[in-house]
There are 2 protein chains.
Amino acid sequence: MEEGAPQSHPYVPRDLKLPGYVPVVLSQSTIVGVYGLSSLLVVSVIWIISGRFPKTSKIDRLLMCWWAFTGLTHAILEGYFVFSPEFYKDKTACYLAEVWKEYSKGDSRYAARDAGVIAVEGITAVLEGPASLLALYTIATKKSYSYILQLTISLGQLYGTAVYFITSYLDGDNFAASAYYYYAYYVFANAFWVVIPSLIVIRCWKKICAAFQVQGQQKTKVR
Amino acid sequence: MEEGAPQSHPYVPRDLKLPGYVPVVLSQSTIVGVYGLSSLLVVSVIWIISGRFPKTSKIDRLLMCWWAFTGLTHAILEGYFVFSPEFYKDKTACYLAEVWKEYSKGDSRYAARDAGVIAVEGITAVLEGPASLLALYTIATKKSYSYILQLTISLGQLYGTAVYFITSYLDGDNFAASAYYYYAYYVFANAFWVVIPSLIVIRCWKKICAAFQVQGQQKTKVR
């Protein structure tokens, strides 16, 4: 131990060096609860407001809720992570630092600043976060580019999640403090960004194909 | 040097361990020339054949050439790399191994099996390679999903190239044997997969938007 004081972080691999690490202060239920409740608040507000929009289907309202939730998660939570390389040294019990200290129990590459993780999180936070909020706006205002935008962001989320899981696998898949954290944080939490973007890609693909078929029929009629 | 014989590879960083490394046999001009000429052959054949297709614009013919070139590059060159972890030990002067021994002078992460590089190359070779050849087919047969497919692959290429450059930057950007190899291989060769996919994304985006506007107009007429 070069730094004098012994390493006392809870992460795996155990030989990961995190000089100056300050332990998590908030409980797991507080950290997860605040995220869950604030997400529920955002989703509820969007659901209620979107209900007053004329001719907006329930699927579009659900999608608006998703884009608000995922956009704010990308921009705030992941944005904080990308630009806070020393979050694990935070002594102020800042909520966002606590989130990543806790999540690192499921994937210590976050605390270790793995280049693959930062690259994916950087693209997610900087490009996909704002783009998700734009997607919400394009559904509300029925823009013609709404489906392509939703397809583009969802493909980006899927690509990012693929890189995230593949790099972990290639590097030995040994970054979780226990099987519990592995399944709860690394597998379960990320599964949302596999399942939901996949469903959106399928839906947008069909909608875009349908638009081209209408265009094709019209061209035929004109002839 | 644990392995007995001294390390004698030409790559940077110099302390990279590649036990069993066998030097490149073919000259740079042979390696680049074979790739250039076989690409030119593929592009010429596609250009000539596509000229006989009814109502196929020059842009679509150029795109067919691109999808053939990039699809075969992904599937063959990058496919070989992904599934040949020990290419740097190859003693047979196998052309594909020579390509990656040579390219590693521009980015030694290939020889070092960096997880980020393999993740991106894996997605590129396994998914984008075959999908690019499918894109060629959809242009030739004027499928309604051609633009979405081209958009999807191009976005994947852009995302992959972004991860490729960002991870190198985060890990110190010190993987090229010299400034010449840095600019010729790492910057110039990869620039094709930034510029061309960007142009295709813009074109497909416009085409898809136009299709939705036609659909919108038709709905208005029906009312």
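Residues numbered from 1 in each chain as written. Chains lettered and ligands numbered in written order. Predicted model: local features only at pLDDT ≥ 70, side-chain atom pairs only at ≥ 80, totals over all residues. Heavy atoms only, no water.

(A) Just the UniProt feature "transmembrane region" (unreviewed entry) in chain A, in detail. Those residues carrying the UniProt feature "transmembrane region" (unreviewed entry) are residues 20–50, 62–83, 115–140, 147–170 and 182–202 of chain A in this numbering. For the annotated span residues 182–202 of chain A, helix accounts for 100% and strand for 0% of the residues, and the straight-line distance between the end C-alpha atoms is 29 Å. (UniProt positions renumbered as here; feature names shortened; annotations may be inferred. Helix = DSSP H or I, 4+ residues; strand = E, 2+ residues; numbered from the N terminus.)

(B) Summary view of the packing of aromatic side chains. This model, assessed by the stated rule, comprises 50 aromatic pairs over all chains. Taking 5.1 Å as the distance between ring centres and 85° as the angle between the ring planes, the aromatic pair formed by Tyr 182 of chain A and Tyr 183 of chain A counts as edge-to-face. The side chain of Arg 61 of chain B reaches across the aromatic face of Trp 47 of chain B, ending 3.8 Å from its centre. A cation over an aromatic ring shows up here: Arg 109 of chain B above the ring of Phe 175 of chain B, its NZ or CZ 5.4 Å from the ring centre. (Phe/Tyr/Trp six-rings, centres within 6.5 Å; stacked < 30°, edge-to-face > 60°. Lys NZ or Arg CZ within 6 Å of the ring centre and 35° of its normal.)

(C) Representation of helix H3 (residues 95–103) of chain B in the model. Of all the 9 residues making up H3 of chain B, 7 are buried; the element is thus mostly covered by neighbouring parts of the structure. Inspection of H3 of chain B places Ala 97, Glu 98, Val 99, Trp 100, Lys 101, Glu 102 and Tyr 103 of chain B among the buried residues, and these make up the whole buried set. (Buried < 20%, exposed > 50% of the residue type's maximum accessible area, 1.4 Å probe, protein only.)

(D) Molecular detail of the relation of the copies chain A and chain B. Note on the identical chains: chain A maps onto chain B by a rotation of 180° and an axial translation of 0.0 Å, with an RMSD of 0.0 Å. Both copies are brought into coincidence by an operation consistent with a two-fold rotation axis. Taken together, the interface assignments show that 100% of the residues at the interface of chain A recur at the interface of chain B, consistent with an identical surface on both copies. (Least-squares fit on C-alpha atoms with pLDDT ≥ 70 in both. Contact = heavy atoms within 4.5 Å.)

(E) Examining the interface of chain A and chain B more closely. Each partner contributes residues to the interface: chain A has 37 residues there, and chain B has 37 residues. Counting the surface lost from both chain A and chain B, the interface buries some 3,200 Å², and carbon and sulfur atoms represent 78% of this. Our enumeration of links across chain A and chain B arrives at 0 residue pairs in polar contact (both at pLDDT 80 or more). Per-element accounting of the side of chain A that touches chain B gives the leading share, 14 residues, to helix H5 (residues 146–170) of chain A. (Buried area = accessible area lost by both parts, 1.4 Å probe. Polar contact = N/O pair within 3.5 Å; in protein donor to acceptor, adjacent residues only side chain to side chain.)

(F) Inspection of the pattern of salt bridges at higher detail. Taken as a whole and judged by the stated rule, the model has 10 salt bridges over all chains. Close ionic contact of Glu 102 of chain A with Lys 105 of chain A constitutes a salt bridge, the shortest N to O distance being 2.9 Å. For the salt bridge of Lys 101 of chain B with Glu 98 of chain B, the shortest nitrogen-to-oxygen distance reads 3.8 Å. Of this pair, Lys 101 of chain B and Glu 98 of chain B are both found in helix H3, 3 residues apart, which corresponds to roughly one turn of the helix. (Salt bridge = Lys/Arg side-chain N within 4 Å of Asp/Glu carboxyl O.)

(G) Quick look at unusual backbone geometry. Residues and elements named next belong to chain A. Here the bond from Val 12 into Pro 13 is cis, since omega is 5°, no more than 30 degrees from zero. Unlike most non-glycine residues, Lys 142 shows phi in positive territory, near 50°. Examined against the element boundaries, Lys 142 turns out to sit in the loop between helix H4 (115–140) and H5.

(H) Examining the nonpolar core more closely. In terms of nonpolar packing, the biggest core is built from 52 residues, with Trp 67, Leu 151 and Ile 208 of chain A together with Trp 67, Leu 151 and Ile 208 of chain B touching the most fellow members. Listed by contribution, the elements that provide at least two residues to this core are helix H2 (58–82), H4, H5 and helix H6 (179–222) of chain A together with helix H2 (58–82), helix H4 (115–140), helix H5 (146–170) and helix H6 (179–222) of chain B. Dropping the residues within four chain positions of it, Trp 67 of chain A is found in contact with Ser 132, Leu 133, Ala 135, Leu 136, Ile 139, Gln 150, Ile 153, Ser 154, Gln 157 and Ile 200 of chain A. (Core = buried A, V, L, I, M, F, W, Y, C linked by side-chain atoms within 4.5 Å.)

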